[in-house]
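# Survey of secondary and tertiary structure
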Amino acid sequence: MKARVAVMTLISAIAVVLMLEGQAWSRIKPVNFVKKETEWIKKILEKKAAKGSRKERRKKNKIVERARRLLDYPLLARISLGKRWKNRTKAERKDFVKTLQSLIEKKIISSIANYSEFTVDYSSEKIRGNKAAVVTEVKTKRTEVTIEYKLKWKPSKRRWYVYNLVTDDMNL
């Protein structure tokens, strides 16, 4: 009986290790995730659309929808409130997340016109457990900006989410 329990325990342990290794190997590298998303956004931005046209609105809506998939708004909200987060009620937290999301999306929409043509250099990638940082250099005709993407891997969703962007020492 003891031998059977020992064998079952060993088999269970091996299965867990293989599952965890499988998750790690199946993860897309953070830098590749950022590249893929940047290329998608760049393709949308390169499509010409007259100012105020239906096509321009669709373009903006697509990018906002993508931002909703990429950004972890609840985590962004929690980080931005810091210690004050735990003192907020569920309703206040929900309202703050919604307000923060609205502000970010308005900023995205207002910035779209400035970044229709750009190149991105991927400088570095650091991974620590379920968190990662990818540093990029975004260049337009007029400016160059360093953007550091802070990412978190969500095993339940099997994908990376952006929880912060750092540019010019300013956090999102």
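Residues numbered from 1 in each chain as written. Predicted model: local features only at pLDDT ≥ 70, side-chain atom pairs only at ≥ 80, totals over all residues. Heavy atoms only, no water.

## Some words on the pattern of salt bridges
Applying the stated criterion across every chain yields a total of 10 salt bridges. A salt bridge links Arg68 to Glu105; its shortest N-O distance comes to 2.8 Å. In this pair, Arg68 is assigned in helix H3 (residues 54-70) and Glu105 in helix H5 (residues 90-111), connecting sequence segments 37 residues apart. Of the residues examined, Arg68 reaches a relative accessible area of 39% and is grouped as partly exposed. Here Asp121 and Lys139 are joined by a salt bridge, their closest N and O atoms 2.6 Å apart. Of this pair, Asp121 sits in strand E1 (residues 119-128) while Lys139 sits in strand E2 (residues 131-139); the two residues are 18 residues apart in sequence, bridging distant segments of the chain. Within this structure, Lys36, Glu37 and Arg66 form a network of salt bridges that share partners. (Salt bridge = Lys/Arg side-chain N within 4 Å of Asp/Glu carboxyl O. Helix = DSSP H or I, 4+ residues; strand = E, 2+ residues; numbered from the N terminus. Buried < 20%, exposed > 50% of the residue type's maximum accessible area, 1.4 Å probe, protein only.)

## Let's talk about a positive patch on the surface
Positive charge collects at one region of the surface, where Lys43, Lys47, Arg54, Lys55, Arg57, Arg58 and Lys62 lie side by side. Looking at the positive patch element by element, the count peaks at 5 residues for H3. Within the secondary structure, Lys47 sits in the loop between helix H2 (30-46) and H3. (Patch = residues over 30% accessible without salt bridge, like charges linked within 9 Å, V, L, I, M, F, W, Y side chains within 5 Å. Areas by Shrake-Rupley, 256 points an atom, 1.4 Å probe, with all protein chains shown as cover. Lys, Arg positive; Asp, Glu negative; His and termini not counted. Charge placed at Lys NZ, Arg CZ, Asp CG, Glu CD.)

## A short note on the packing of aromatic side chains
A complete count under the given rule lists 1 aromatic pair for this structure. Seen from their ring centres, Trp153 and Trp160 are 5.4 Å apart, and the 70° between their planes marks the pair as edge-to-face. In this structure Trp153 comes out as buried when scored by relative accessible area, which is 6%. Above the plane of the ring of Phe118 lies Lys42, whose end atom (NZ or CZ) is 5.5 Å from the centre. (Phe/Tyr/Trp six-rings, centres within 6.5 Å; stacked < 30°, edge-to-face > 60°. Lys NZ or Arg CZ within 6 Å of the ring centre and 35° of its normal.)

## Some points on the side chain of Arg159
Counting through the fold element by element, Arg159 comes out in strand E4 (residues 159-167). A polar side-chain atom of Arg159 sits 2.8 Å from the main-chain carbonyl oxygen of Arg69. Of note is the side chain of Arg159, whose polar atom sits 3.2 Å from the side chain of Tyr161. Residues within four places of Arg159 in sequence aside, it is in contact with Phe33, Arg69, Leu70, Lys152, Trp153 and Lys154. (Polar contact = N/O pair within 3.5 Å; in protein donor to acceptor, adjacent residues only side chain to side chain. Contact = heavy atoms within 4.5 Å.)

Remember that the coordinates give geometry; whether it matters functionally is a separate question.
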